[in-house]
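# Structure at a glance
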Amino acid sequence: MTHTLDLGRTEHRSRVLDGWIASRDGASMRTGQALAMAENSNMDDMSMGELVNLLVAGNQTASGEAVTRESAKRVSAVYSCTSLIAGAIASLPLGFYERNNGERGKADHPYWWFFNESACDGWTSFDAIQYLFESKFFEGDGFGQILRARNSNRVTGWKPLHPRTVDPFKKDGRVLYRVQPTEGAAYVLQPEDVIHLPSLGFDGLRSPSLITFAAREAIGTALASQKYTGKFFAGGAGFDYALKTSSKLKKDQLELLKASLLARLGNGGRGPLILDGGLEPAQLSVNSKDAEILGTRLFTVEDICRFFGVPPHMVGHTDKTTSWGSGIESQGIGFVRYTLQRHLTPMSQELNRKLWPVRERYFVEHITAALERGDLKGRYEAYRIAMGRAGEMPFMDADEVRRLENMPPNPNLRMNTGESSGKDDDEKPTE
């Protein structure tokens, strides 16, 4: 009796290989998994966009350049914007506060260490938060796993997860997260154990990437212009030309011209041409001003900064902006309010609802005062007014001002009551 082995009856997969492929750009295409998935899936249930993305053609742009996580980092504006925003957020201290009868005050909480110093073994808090937002920009979603003690809700740390190893799905109305690590077996996390930072366009499970979806064409144009500029300078920064003459060249003149051209090519496109017989050079390609190569690159910088909400001067682009004066200071304050804040608020809300599932007296909030401060003289002048300068009615005391400057209370300071009698406290008024 002949026995045949039917490999198609049972799917044979490697968890380690699947995790490795999921964490690398283009690995599924190189291993042929994308085509196999397309062949084994129900094509009637797939839209054209889903099929294009499945075949990795969704990263292709009109400029002919594919925009992926790795290729986008080679654009200076993208690298600067992502490192600026992610680094600024990661460097901000995360304050822990306590509610008490409608008032708020700083709290000495053990979780402070995990989000300000060390997230877990192998990850500082800065690196972990920066990775979380880098994943959000490049992949659309940032994921982190909250580590808890066994059979307890007590948090013992947290670690970022590669977004391609996380697969959110719904079951019984709840969103669960299937994680396929590069090593070990897959596991499922409950929503309260996952830090999930989505982007604009979030559908409840996943978000489109700002870089590889929204800004794909702008980044593709930047990549193409970089490549063109590199080839231009590699060719000696010279444009194509022709040699023209109204007379007919003799054989010896052609041989001399040929030798001159070969010598020039052998010298890297440099050196003089020996022209004879009335030959004159004529440029074929447009010059750099007409082609506006530099203008295109400058525009892509502004366009990419527009997607991120970053003032161009903050990534070194000062073509239309001065680097000095109060205008830059105002733009820096605007950067905190209108760019960073739209990332900080979702993060603090996500941490509050995950660290304390049942609303408690504790909550977290990023401390942005250091980034929003004006110059020292203007700040101290504002404090003087608040404390009652020149007899004005005060609305702040010294302890409140010192708290804004991250200084402890000082009970030995004399308080300004707002009165301006011009007399010492011990002097009695005369009748």
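Residues numbered from 1 in each chain as written. Predicted model: local features only at pLDDT ≥ 70, side-chain atom pairs only at ≥ 80, totals over all residues. Heavy atoms only, no water.

## Observations regarding the nonpolar core
We count it as follows: The definition of a nonpolar core used throughout is a set of buried Ala, Val, Leu, Ile, Met, Phe, Trp, Tyr and Cys residues joined through side-chain atoms within 4.5 Å. The buried label goes to any residue with under 20% of its type's maximum accessible area, the exposed label to any with over 50%, and the partly exposed label to all in between, with areas taken from a 1.4 Å probe on protein chains only. Here a helix means four or more residues in a row that DSSP labels H or I, a strand means two or more in a row labelled E, and each is numbered from the N terminus. For this analysis, residues touch if any pair of their heavy atoms sits within 4.5 Å.
Judged by nonpolar contacts, the single largest core of 52 residues is most densely connected at F115, W158, I211, I219, I304 and F308. When residues of this core are assigned to their parent elements, the largest contribution, eight residues, is made by helix α6 (residues 76–91). Look past the residues within four positions of I304 in its chain and what remains in contact with it is V75, A77, V78, A218, I219 and A222. In terms of nonpolar packing, the next biggest core, distinct from the first, is built from eight residues, F143, L161, V166 and V179 among them.

## Things to note about the pairing of strand β1 (residues 94–100)
Threshold: Whether two strands pair depends on DSSP finding at least two bridges between them.
Bridge analysis of β1 against strand β13 (residues 362–366) gives five bridges, and the strand direction is antiparallel. Bridged to L94 within β13 is H366. Pairing between β1 and strand β2 (residues 103–106): four bridges, direction antiparallel. Bridge pairing links R99 to R104 in β2.

## Some remarks on the sheet that holds strand β8 (residues 174–179)
Our working rule: With axes taken as lines fitted to C-alpha atoms, and helix axes fitted only over the stretch in contact, angles between N-to-C directions fall between 0 and 180 degrees.
With respect to topology, three strands assemble into an open sheet ordered β7-β8-β9, the strand pairing being antiparallel. For this open sheet the edge positions go to β7 (166–171) and β9 (187–189), each flanked by a neighbour on one side alone. Within the sheet, the average angular offset between the axes of one strand and its neighbour, ignoring direction, is 35 degrees. Relative to β9, β8 runs antiparallel, the two sharing three bridges. Each residue of the ladder has a partner; that of V179, found in β9, is Y187.

## Some words on the packing of α6 against helix α8 (residues 125–139)
For clarity, the threshold we go by: In these notes the angle categories are as follows: under 35 degrees is roughly parallel, over 145 is roughly antiparallel, 65 to 115 is roughly perpendicular, and the rest is oblique. Note on convention: the crossing is left-handed when the near helix lies turned anticlockwise from the far helix by less than a right angle, right-handed when the turn is clockwise. For this classification, the nonpolar set comprises Ala, Val, Leu, Ile, Met, Phe, Trp, Tyr, Cys and Pro, the charged set comprises Asp, Glu, Lys and Arg, and every other residue, Gly included, is treated as polar.
Two elements in contact, α6 and α8, have axes whose closest approach is 8 Å; the angle formed by their N-to-C orientations is 140 degrees. On the basis of their axis angle, the class for α6 and α8 is oblique. Note that α6 runs across α8; the crossing there is right-handed. Contact residues: α6 offers V78, T82, I85, A86, G87, I89, A90 and S91, while α8 offers F126, I129, Q130, F133, F137 and F138. Taken together, the residues that form the contact of α6 with α8 break down as 10 nonpolar, four polar and no charged.

## Structural notes on the confidence of the model for the protein
Any residue range with low pLDDT should be treated as having predicted coordinates unsuitable for detailed reading. As a reminder, the rule being used: pLDDT measures how confident the predictor is about each residue, on a scale from 0 to 100.
Across the protein, the average pLDDT comes to 77, with 66% of residues at or above 70. For residues 45–56, every residue scores under 50 in pLDDT, and the model assigns this stretch 14 contacts once sequence neighbours within four places are set aside. The low-confidence segment residues 421–425 (pLDDT under 50) makes one contact with residues lying over four places distant or belonging to another chain.

## What about the pattern of salt bridges?
Our working rule: Any carboxyl oxygen of Asp or Glu within 4 Å of a side-chain nitrogen of Lys or Arg constitutes a salt bridge here.
One pass over the full model with this rule turns up 13 salt bridges. Close ionic contact of R69 with E139 constitutes a salt bridge, the shortest N to O distance being 3.3 Å. Highlighted residues: R69 in helix α5 (residues 69–72) and E139 in helix α8, separated in sequence by 70 residues. Assigned by exposure class, R69 and E139 land together as buried. Residue R178 is joined to D167 by a salt bridge in which the shortest nitrogen-to-oxygen separation is 3.1 Å. Pair noted here: R178 is in strand β8 and D167 is in strand β7, with a separation of 11 residues, a long-range link. Several salt bridges converge on common partners, so that one network encompasses R69, K73, E134, E139 and R164.

## Regarding unusual backbone geometry
A positive phi angle, close to 55 degrees, is found at N151, a residue other than glycine. Along the chain, N151 turns up in the loop between β5 (142–148) and β6 (155–161). One non-glycine residue with positive phi stands out, namely D172, at about 55 degrees. Topologically, D172 is positioned in the loop between β7 and β8.

## Structural notes on the sheet that holds β5
The sheet built from three strands is open, its strands ordered β6-β5-β10 with antiparallel pairing. Either end of the sheet is taken by a strand with one partner, and the two such strands are β6 and β10 (194–197). Sheet twist, expressed as the mean angle between neighbouring strand axes with direction ignored, is 20 degrees. Here β5 pairs with β6 via six bridges, running antiparallel. Looking at β6, one finds that L147 is bridged to G157. Against the sheet, α8 engages β5, β6 and β10, with an angle of about 40 degrees to β6.

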